[in-house]
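Observations on the model geometry
This is what each chain is made of:
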Amino acid sequence: MIVLAHLSDPHLDGGKRAAARTAQVMHYLNGLPGDVDAIVVTGDLTDNGLPAEREQATALLASPRFPVITCPGNHDGYTPYGWPANQVHDLGRFAVVACDSVILGRADGHLGDATLDWLRSSLDGLRGRPVFVAFHHPPVKLHHPMIDEIRLSAAERVAAVLADHPDVVAVLCGHAHTPAATTFAGRPLLVAPGVKSTLLLPWELPAGEMNWRSTLDLGQPPAVAFHILDDDGRLTTHFRLVTD
Ligand SMILES: [Fe+2]
Ligand SMILES: [Fe+2]
């Protein structure tokens, strides 16, 4: 059995609120009585990609117990200080392949030619073991109109890579600031809740009031997902609110 903790979008901005919520989540995970196999953070670690924000992210998104794996988000890429990207994390029994889906200066994302080539060869080298693929931008519509506008483009090219690699057990994303589970390329696509905020869905708002101001909900507590992979290949996800 493999257990991943998955969080996303802490948007560390140098201020106290995002830092406190991120610390709350990491304190919860680092204080778990039992072990997880890794913590995956699917992007928007910082709000503007500034060096001071990156220092805050490095300090807060740390664990003395578990490997912490990150990939960059669009907010990390607004400056040339993009997060270290396209990394294979070989954890022995399984691997997490973290991809850079950022297009500098843009909110939407893609996996470019170099990243797709790297993903294909990385997955070739990991055959025979379960692999989680992580990138920030969901490659399918999630029924949040503004997030759907800035999702991953050219998703069919990513799906073609996954089609050749049955060892990929799930795709992990963030960006949507709402916990979600769907499918992509015949695999589970699992979206972590947003640490900094939650985005409300159309039917949670009065008709005609879907906009960036009204969808933003700062009142809900931060949350994490746990993905459990059984030895027979079956995946289960739990979502957990992290309150004080
Ligand atoms: Fe975000
Ligand atoms: Fe994002």
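The structure we're discussing is the one just above.
Here is what the cut-offs are and how they apply
Residues numbered from 1 in each chain as written. Chains lettered and ligands numbered in written order. Predicted model: local features only at pLDDT ≥ 70, side-chain atom pairs only at ≥ 80, totals over all residues. Heavy atoms only, no water. Donors = N, O, S within 2.8 Å, 3.2 Å for Na, K, Ca; no water. Helix = DSSP H or I, 4+ residues; strand = E, 2+ residues; numbered from the N terminus. Buried < 20%, exposed > 50% of the residue type's maximum accessible area, 1.4 Å probe, protein only. Tetrahedral: all angles 85-135°; square planar, octahedral: opposite > 155°, others 65-115°. Pairing = 2+ DSSP bridges. Axes fitted to C-alpha atoms, helices over the stretch in contact; angles between N-to-C directions. Contact = heavy atoms within 4.5 Å.

Attention now goes to the coordination of the iron ion (ligand 2). Ligation of the iron ion (ligand 2) by protein atoms is provided by Asp44 (OD), Asn74 (OD1), His136 (NE2) and His175 (ND1), these donors lying 2.1 to 2.3 Å from the ion. The metal-metal distance between the iron ion (ligand 2) and the iron ion (ligand 1) is 3.4 Å, with Asp44 serving as a donor to both. Residue His136 is found in the loop between strand S6 (131–134) and helix H4 (145–149), and its partner His175 is found in the loop between strand S7 (168–173) and strand S8 (180–184); the two are separated by 39 residues along the sequence. In this structure His136 comes out as buried when scored by relative accessible area, which is 0%.

This paragraph deals with the coordination of the iron ion (ligand 1). Angles between donor atoms at a metal ideally measure 109.5 degrees for a four-coordinate tetrahedral arrangement and either 90 or 180 degrees for a six-coordinate octahedral one. Around the iron ion (ligand 1), the protein supplies Asp9 (OD), His11 (NE2), Asp44 (OD) and His177 (NE2) as donor atoms, at distances of 2.0 to 2.2 Å. Around the iron ion (ligand 1) sit four donor atoms; with metal-centred angles ranging over 88 to 175°, the donor geometry is irregular. If you list the donors of the iron ion (ligand 1) from N- to C-terminus, the spacing comes out as D-x1-H-x32-D-x132-H. We classify Asp9 as buried; its relative accessible area is 0%.

A word on the sheet that holds S7. Ordered in space as S4-S5-S6-S7-S9-S8, the six strands form an open sheet in which the pairing is mixed. Across the chains shown, the open sheet's two edge strands, defined by having one partner strand only, are strand S4 (87–90) and S8. Pairs of neighbouring strands in the sheet enclose a mean axial angle of 20°, with direction left out of account. Sheet analysis places S6 next to S7, joined by four bridges and oriented parallel. When the bridges of S7 are listed, Val133 appears paired with Val171. In the packing of helix H3 (residues 113–124) onto the sheet, the strands contacted are S4, strand S5 (95–98), S6 and S7, and the crossing angle to S5 comes to about 170°.

Read these as layout, nothing more, since geometry by itself doesn't imply function.
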